Amino acid sequence: MAKVSRLNLGEWTTELPNKDGMYWHWWGDDSAPFAFHVGKASNGRCFIQMGLAGFTQPKYCDEYGGLWAPCVPPKTFNIEGMICELTEFTNQQHV
């Protein structure tokens, strides 16, 4: 596995996705990373879903190249507390 750069989202690597899920893709230049939903075909190869980034056909990750990093889900939070805070804010604004 070739590690290229370390970010708070994880490590960028040339190692391809090996299961379904969300992955960041980056060319390693000054372009912005792009999040792709990746699927796994019955032949075992992972592919970028059709429709993402304007693709009219699915594209195998090993043919696309670039650098990959798994999308890290956000930390959990207390939704009840957020609703309470939102209600209090609304009441203060007289909305």
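Residues numbered from 1 in each chain as written. Predicted model: local features only at pLDDT ≥ 70, side-chain atom pairs only at ≥ 80, totals over all residues. Heavy atoms only, no water.

**Here we look at the pairing of strand S3 (residues 21-26)**
Inspection of the sheet shows S3 paired to strand S4 (residues 34-40) by 5 bridges, in the antiparallel sense. By the bridge assignment for S4, tryptophan 24 is matched with alanine 35. (Pairing = 2+ DSSP bridges. Helix = DSSP H or I, 4+ residues; strand = E, 2+ residues; numbered from the N terminus.)

**A short note on the pattern of salt bridges**
Per the stated rule, a full pass over the model turns up 2 salt bridges. Residues participating in the shared-partner salt-bridge network are Arg45, Asp62 and Glu63. (Salt bridge = Lys/Arg side-chain N within 4 Å of Asp/Glu carboxyl O.)

**Here's the deal with the pairing of S4**
With 3 bridges connecting them, S4 and strand S5 (residues 46-48) associate as antiparallel partners. Bridged to valine 38 within S5 is isoleucine 48. The antiparallel pairing of S4 with S5 creates a hairpin that spans 5 residues between the two strands, and glycine 44 there sits at a positive phi of about 90°.

**Points about the confidence of the model for the protein**
This prediction gives the protein a mean pLDDT of 78; 66% of its residues lie at or above 70. Least confident of the elements in the protein is strand S1 (residues 3-7), whose mean pLDDT is 46; most confident is S5, at 95. In the predicted structure, residues 1-9 sits below a pLDDT of 50 and forms 17 contacts with residues beyond four places in sequence or in another chain. (pLDDT = per-residue confidence, 0-100. Contact = heavy atoms within 4.5 Å.)

**Looking at the side chain of threonine 13**
As for its position among the elements, threonine 13 is in strand S2 (residues 10-13). The class of threonine 13 is buried, set by a relative accessible area of 9%. A polar contact of 3.0 Å, which involves the side chain of threonine 13, links it to the backbone nitrogen of glutamate 15. (Buried < 20%, exposed > 50% of the residue type's maximum accessible area, 1.4 Å probe, protein only. Polar contact = N/O pair within 3.5 Å; in protein donor to acceptor, adjacent residues only side chain to side chain.)

**Overview of the environment of tyrosine 60**
With respect to the helices and strands, tyrosine 60 occurs in strand S6 (residues 59-60). You can call tyrosine 60 partly exposed: its relative accessible area is 25%. The spacing of tyrosine 60 and glycine 39 is 21 residues in sequence and 9.4 Å in space, taken between C-alpha atoms. Those residues in contact with tyrosine 60, other than ones at most four positions away along the chain, are Ala41, Asn43, Arg45, Cys46 and Phe47.

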